[in-house]
Amino acid sequence: MEKILKRLNELLAYDEAKPVKDYLDSRISSEVQDLVCFGYFPKAEEITDLMADIPLESLIEEKLLYIQHLESTISSKDVKVSFFENHPLIIPYYDVYGELIALVGRTLLSSEKQKELQISKYKNTIFKKGNHLFGLNWAKDEIVKQNKVYLVEGQIDIFSAFAKGIKNVVAVGSSSLSEQQLMLLLRYTDNIHVMFDNDEAGRKGVKLIMDKYKTLANFKKEELPAQYKDLDEYLYDSGSIN
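Quick notes on the rules
Residues numbered from 1 in each chain as written. Predicted model: local features only at pLDDT ≥ 70, side-chain atom pairs only at ≥ 80, totals over all residues. Heavy atoms only, no water. Helix = DSSP H or I, 4+ residues; strand = E, 2+ residues; numbered from the N terminus. Contact = heavy atoms within 4.5 Å. Phe/Tyr/Trp six-rings, centres within 6.5 Å; stacked < 30°, edge-to-face > 60°. Lys NZ or Arg CZ within 6 Å of the ring centre and 35° of its normal. Pairing = 2+ DSSP bridges. Axes fitted to C-alpha atoms, helices over the stretch in contact; angles between N-to-C directions. Salt bridge = Lys/Arg side-chain N within 4 Å of Asp/Glu carboxyl O. Buried < 20%, exposed > 50% of the residue type's maximum accessible area, 1.4 Å probe, protein only. Expected span 1.5 Å × (residues − 1). Arc of directions from axis to C-beta. Right-handed = clockwise from strand over helix to strand, strands pointing away.

Moving on: the environment of F38. By the element assignment, F38 lies in the loop between α3 (30-36) and β1 (39-40). Separated by 19 residues in sequence, F38 and P19 have C-alpha atoms that sit 14 Å apart. The contacts of F38, once residues within four sequence positions are left out, are N9, L12, L24, I28, V32, Q33, L89, I90, I91, P92 and F159.

Considering all chains together, one arrives at 10 aromatic pairs under this definition. With a centroid separation of 4.9 Å and an interplanar angle of 80°, the aromatic rings of F83 and F84 are classed as edge-to-face. Through a chain of ring-to-ring contacts, the aromatic side chains of F38, Y93, Y94, F127, F134, W138, F159 and F162 assemble into a single cluster. Seen from the ring of F83, K123 lies directly overhead, with NZ or CZ sitting 4.3 Å from the centre.

So, on to the sheet that holds strand β5 (residues 100-106). In space, the four strands of this open sheet follow the order β1-β4-β5-β6, with antiparallel pairing throughout. Sheet topology places β1 and β6 (122-124) at the edges, where each strand pairs with a single neighbour. Looking at chain direction, β5 and β6 are connected through three bridges and run antiparallel. Looking at the pairing, V104 lines up with N124 of β6. In the packing of helix α1 (residues 2-10) onto the sheet, contacts are made with β1, β4 (89-94) and β5, and the angle to β5 comes to roughly 35°. In the packing of helix α8 (residues 155-163) onto the sheet, the strands contacted are β4, β5 and β6, and the crossing angle to β4 comes to about 85°.

Turning to the sheet that holds strand β10 (residues 218-221), a few remarks are in order. Spatial ordering of the open sheet is given by β8-β7-β9-β10, a layout of four strands whose pairing is parallel. Strands with a single pairing partner mark the edges of an open sheet, and in this sheet they are β8 (169-171) and β10. Neighbour-to-neighbour, the strand axes of this sheet turn through a mean angle of 30°, independent of strand direction.

Enumeration over the complete set of coordinates arrives at 10 salt bridges. The closest approach of N and O atoms between K18 and D22, which form a salt bridge, is 2.7 Å. One end of the pair, K18, and the other, D22, are both in helix α2 (residues 18-27), four residues apart, so they sit about a helical turn from each other. Note on D22: relative accessible area 37%, which makes it partly exposed. The residue E222 makes a salt bridge to K220 at a minimum N-O spacing of 4.0 Å.

On to unusual backbone geometry, then. Phi is positive for Q118, which is not a glycine, with a value near 55°. For Q118, the location among the structural elements is in the loop between α6 (111-117) and β6. With relative accessibility at 73%, the residue Q118 sits in the exposed group. One non-glycine residue, N147, lies in the positive phi region at around 55°. Among the structural elements, N147 can be located in the loop between α7 (136-146) and β7 (149-152).

Moving on, we get to helix α10 (residues 200-213). For α10, spanning 14 residues, the distance from its first C-alpha to its last is 20 Å, which sits close to the expected 20 Å at 1.5 Å a residue. For α10, the set of buried residues is G202, G205, V206, I209 and Y213. Angular distribution of buried residues about the axis of α10 spans 100°; they occupy a single face of the element. Facing away from the buried surface of α10 by more than 90 degrees, the exposed residues are E200, K204, K207 and L208.

For the rest of this paragraph, the subject is the pairing of β10. Successive side chains on a regular strand alternate, one facing one side of the sheet and the next facing the other. Here four bridges tie strand β9 (residues 191-194) to β10, and the two strands are oriented parallel to one another. Looking at β10, one finds that V194 is bridged to K221. Each parallel crossover has a hand, and for β9 linked through α10 to β10 it is right-handed.

On to α7, then. The periodicity of an α-helix, 3.6 residues per turn, causes residues three or four places apart in sequence to face the same way. Residues of α7 that are buried include every one of L136, N137, W138, A139 and I143, and no others. As for α7, its buried residues are in contact with α3, β4, β7, α8, β8 and α9 (179-186). N147 sits one or two positions beyond α7 and adopts a positive phi of about 55°.

Here is the structure:
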C-alpha cells in the first residue's frame, strides 16, 4: 500500500490531477500537504498510463481496481472500474503509531451532484474505522500538552485546524463515537470538546455521545456559528477555535 500511495502522491504533479491539486492548494497549507502525503487516484481510463509502474494485480489485490466483464449480443470486453471513481482526492489514514492502514477518497463534487449520483463525500478502503481516530498520530503530543482534544467529524477539518496552528484535533470520520475510540482518546486526556458538523446528524451525534459517555469523560459541546457547516468552512474565514 505504501508504494501505491507514493505513486498517487507523485501524480498530483500531473495535468490530470490539476483540479485536485488546485483544491488542496486553496484549502490546505503546503506544510500540511508535505506532512500528510495526499494523492490523486486516476480515472479508470487513465490507470494504464499513469500507474504503469504499479502492477494491475497489486491494485486488484488491494481492491482499488476491479475488472468487470461486459457482454452483449455483439461483443464482450473487460473494463477497468476504479474503487475511487468520483473520489479522486486520496487521504492516507494512519493509525496512532503512524502506520498506514487505509486510503480515504474524497469527492470534489458539489453536495447537489453527490445527491444526484447518490455518493458519499468520503469513501475508504476496508478497515476497522471504529478502532481508530484520524489524526491521532499527529495530535497526541499536543493533546497531552494541552490536556484537551477537539473531536470533529471530517478529515479535512483536521487539516484546516493544523494550518491555523491548532494541533490537538482528531476526526471520528462519522457523527458517532465508538467505545474503542473513546478508550483510545482517554489514553491522552479526559477533556473532550465535541465540534461536529452543523447539521441534524451532527447535532444528534453530539447529544448521543454526551448522553452515552457522560460519566467517562468531561465532554463539552462546541457550537459553530449557524452560517458554517463544519470546522473547515469556519476556519477558512476565521482564525482559531482556542
